[in-house]
Amino acid sequence: MGWTGTRRLLRALACLLPLGSSVAALADEPGAVVLTILHTNDTHGHVLSGTNLSDETHGGLARAATVARQVRQTMPNVLLFDTGDWAHGTPEEYLSAGAASASVLRAVGYDAICPGNHEFGWGADAARTDLMAVGCPVVCANLLDATTGQPWDPVRPWVIFTKSSVRVAVFGLTTLETVSLEWPSFLAGIKFEDPFAAAARLVPELRRQADVVVLLSHLGLAQDLLLAAAVPGIDLILGGHSHSNVTTRLTAGGAVIAQTGAYAERIGRVDLLLRPTTNGNGYLIADVNGKDGRWWGSGPEAPLGATYPTSPSIELDGSYAPDPTVVSAYAIYRDEARWRQEQVLATADAAITDEGAPGDTPLSRLVADQIRAATGADVALVDGKMRGTIGPGKVTAGQAWAALGGYTAQNVVKLRATGTALRQALEQWAGSPAGLAIGVSGLWASYNPAKQLGKRVQDVRVAGQPPDPDPARWEPLEPNREYTVAAVAYVARRFPSLMACRVESNQLGWTRELLAKGLRAAGRIAPDMRSRLVRTRG
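Read on for a plain summary of the structure. (Residues numbered from 1 in each chain as written. Predicted model: local features only at pLDDT ≥ 70, side-chain atom pairs only at ≥ 80, totals over all residues. Heavy atoms only, no water.)

As for unusual backbone geometry
For the record, the criterion: Numbered from the N terminus, helices here are DSSP runs of H or I no shorter than four residues, and strands are runs of E no shorter than two. For every residue, the accessible area obtained with a 1.4 Å probe (protein chains only) is divided by the maximum for its type, and the residue is called buried under 20%, exposed over 50%, and partly exposed between those limits.
A cis amide bond links Ala-357 to the next residue, Pro-358, at an omega of 0 degrees. Within the secondary structure, Pro-358 sits in the loop between β15 (344-348) and α11 (362-375). Cis peptide bonds are those with omega within 30 degrees of zero, and the linkage from Gly-391 to Pro-392 qualifies with 0 degrees. Along the chain, Pro-392 falls in the loop between β16 (379-383) and β17 (393-396). Positive phi outside glycine occurs at His-44, with the angle close to 50 degrees. Within the fold, His-44 resides in the loop between β1 (33-40) and α3 (61-74). The class of His-44 is buried, set by a relative accessible area of 3%. Unlike most non-glycine residues, His-241 shows phi in positive territory, near 90 degrees. Within the secondary structure, His-241 sits in the loop between β9 (236-238) and β10 (250-252).

Written as structure tokens, this is what we have:
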């Protein structure tokens, strides 16, 4: 008996087995279609590596592109999606305001993407430019023009693809947390609608128009589970935002839910088997690879005789070579970033460390000092969760930038805050000094977190201009006096009393840019080992 006869026999026998073993027979039915969906999320600019940017032996969107190309060569109906947060995380992204990853997404060849919160880290205008450059539809149903209520250009709420007569409706939803994470002026003209309301409005219409409804979600896994239960009619939710690596074929409320972690360590794959409806007017999902723990495997028992994954995602290990088209698209940004990072900014007399982190450390003091010097503000406020060491010896831009961590963009704003507003912010901080970790310049305070709200901060002093090196000689904070405060925007957003202050500038510059400016002006730096936020027990 030849291979064809053997395969037919095996499939005939498979039909006698329990449901779940006869998926190959279902695929042999007239009109049956296998649809393959690939997906990525939260890649954060990692093009040539996974989580560790210095290890390029595995991971990265260039390897994801190789997997996608191979799957497209072996499967008849393939779609590739991304669920957001690609424009953030690397020097290339910082220096190009997200254009580096936009260029890469175009080279990879996505069919559609949904924006995440980090796509707005450089403001609405830069986000629009990046989204228009990705080379595919950008879908997000809850991203609206604040004036007209229509979809915010260039975003559309949904798109429909047709694969072997199967109509696949794809819509997107992004997190409302964007509003609290980004500086208000950066989102001017944009309204973020409640994603559950948007889905409830849209899904019934998509069900009338399509056979399969797919959500590209940047809401996080917990929200995806709630949404699947609250809004029936979604077949597949491809998630992001929470960096969850879903390792089983998860289902909830009738929807399959998938997410691949973060930093381009993996690419997700979902294979659907569809069969025509009895009236011939559409298709129904007959099976999903991995559903209820039933993986299709390979060989004659598998649909189309193909080989299918036995887990929800494919690890981008070293067996996959980076795609040359993607590498080429990225090269100009990578070369520029390397050159910029090699620039020497200053000389450190000793190592400036994160000793005592999170919070008031030699490292956070240095960064706050340089931002204050570069902006001329009375007080500087930075993220106290930064980690790393600068120096000793020559300090390059790459070394300084690497210590910052956190958001890539890190916009710095200038506020005019009264002494009362500053003290209120410090009172809030003192109740959770590790959770709200900050670094300061031009300000010294003593506090006791055990005290009740309003009595935690005991003494606050400001340095004045020019600053005296000894905080003991600094001036007491005056309640009614206005002080200029240069603050990293997302840090200022944590404190309502500061957000109520008058904004003098919505953008003084970026943290990395201002740090570099301050270091160049200083020329020589040394660690300041004196605490500026002093915990007491009295």
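Now that the structure has been shown, we can carry on.
Thoughts on the packing of α3 against helix α5 (residues 99-108)
Inclusion rule: The axes used here are C-alpha line fits, helices contributing only the stretch in contact, and every angle between their N-to-C directions lies in the interval 0 to 180 degrees. Put simply, angles under 35 degrees are roughly parallel, angles over 145 are roughly antiparallel, angles from 65 to 115 are roughly perpendicular, and the rest are oblique. The crossing is said to be left-handed when, going from far helix to near helix, the turn is anticlockwise and less than a right angle, and right-handed when the turn is clockwise. Any pair of residues with heavy atoms lying within 4.5 Å of one another is described as a contacting pair. Any residue outside Ala, Val, Leu, Ile, Met, Phe, Trp, Tyr, Cys, Pro, Asp, Glu, Lys and Arg is labelled polar, Gly included; the first ten of those are nonpolar and the last four are charged.
Where α3 contacts α5, the two axes come as close as 10 Å, and the packing angle between them is 15 degrees. When the axis of α3 is compared with that of α5, the two are roughly parallel. The way α3 lies across α5 gives a crossing that is right-handed. Along its contact with α3, which presents Leu-61, Ala-65 and Arg-72, the element α5 presents Val-104, Leu-105 and Val-108. Here the residues of the contact of α3 with α5 are counted per class, giving five nonpolar, no polar and one charged.

Quick notes on the packing of aromatic side chains
Heads up, the rule is: Aromatic rings from Phe, Tyr and Trp, taking only the six-membered ring of Trp, are treated as a pair when their centres fall within 6.5 Å; an angle between ring planes under 30 degrees marks them as stacked, one over 60 as edge-to-face, and anything in between as tilted.
Tallied over the entire structure, the rule returns seven aromatic pairs. Ring centres of Tyr-94 and Trp-401 lie 5.3 Å apart, and the angle between their planes is 75 degrees; this geometry places the pair in the edge-to-face category. Of this pair, Tyr-94 sits in helix α4 (residues 91-96) while Trp-401 sits in helix α12 (residues 397-404), and the two are 307 residues apart along the sequence. Among the residues examined, Tyr-94 registers a relative accessible area of 9% and is labelled buried. Seen from their ring centres, Phe-120 and Trp-152 are 5.8 Å apart, and the 50 degrees between their planes marks the pair as tilted. Of the two residues, Phe-120 is situated in the loop between β3 (112-113) and α6 (124-132) and Trp-152 in the loop between β4 (143-145) and β5 (158-163); the sequence distance between them amounts to 32 residues. A relative accessible area of 0% means that Phe-120 is categorised as buried. Residue classification places Trp-152 among the buried positions, given a relative accessible area of 2%. In textbook terms, an aromatic cluster arises when at least three aromatic residues are bridged by ring pairs, as seen for Phe-120, Trp-152 and Phe-192.

Focus on the side chain of Asp-111
Using the following cut-off: For this analysis, a polar contact is any N or O atom pair within 3.5 Å, provided that within protein one partner can donate a hydrogen and the other can accept it, and provided that sequence-adjacent residues contribute only side-chain to side-chain pairs.
Along the chain, Asp-111 falls in the loop between α5 and β3. In this structure the side chain of Asp-111 is engaged in a polar contact, spanning 3.5 Å, whose partner is the side chain of Arg-72. One polar contact links the side chain of Asp-111 to the main-chain amide nitrogen of Leu-80, over a distance of 2.8 Å. The contact partners of Asp-111, leaving out residues within four places of it in the chain, are Arg-72, Val-78, Leu-79, Leu-80, Phe-81, Cys-136, Pro-137 and Phe-161.

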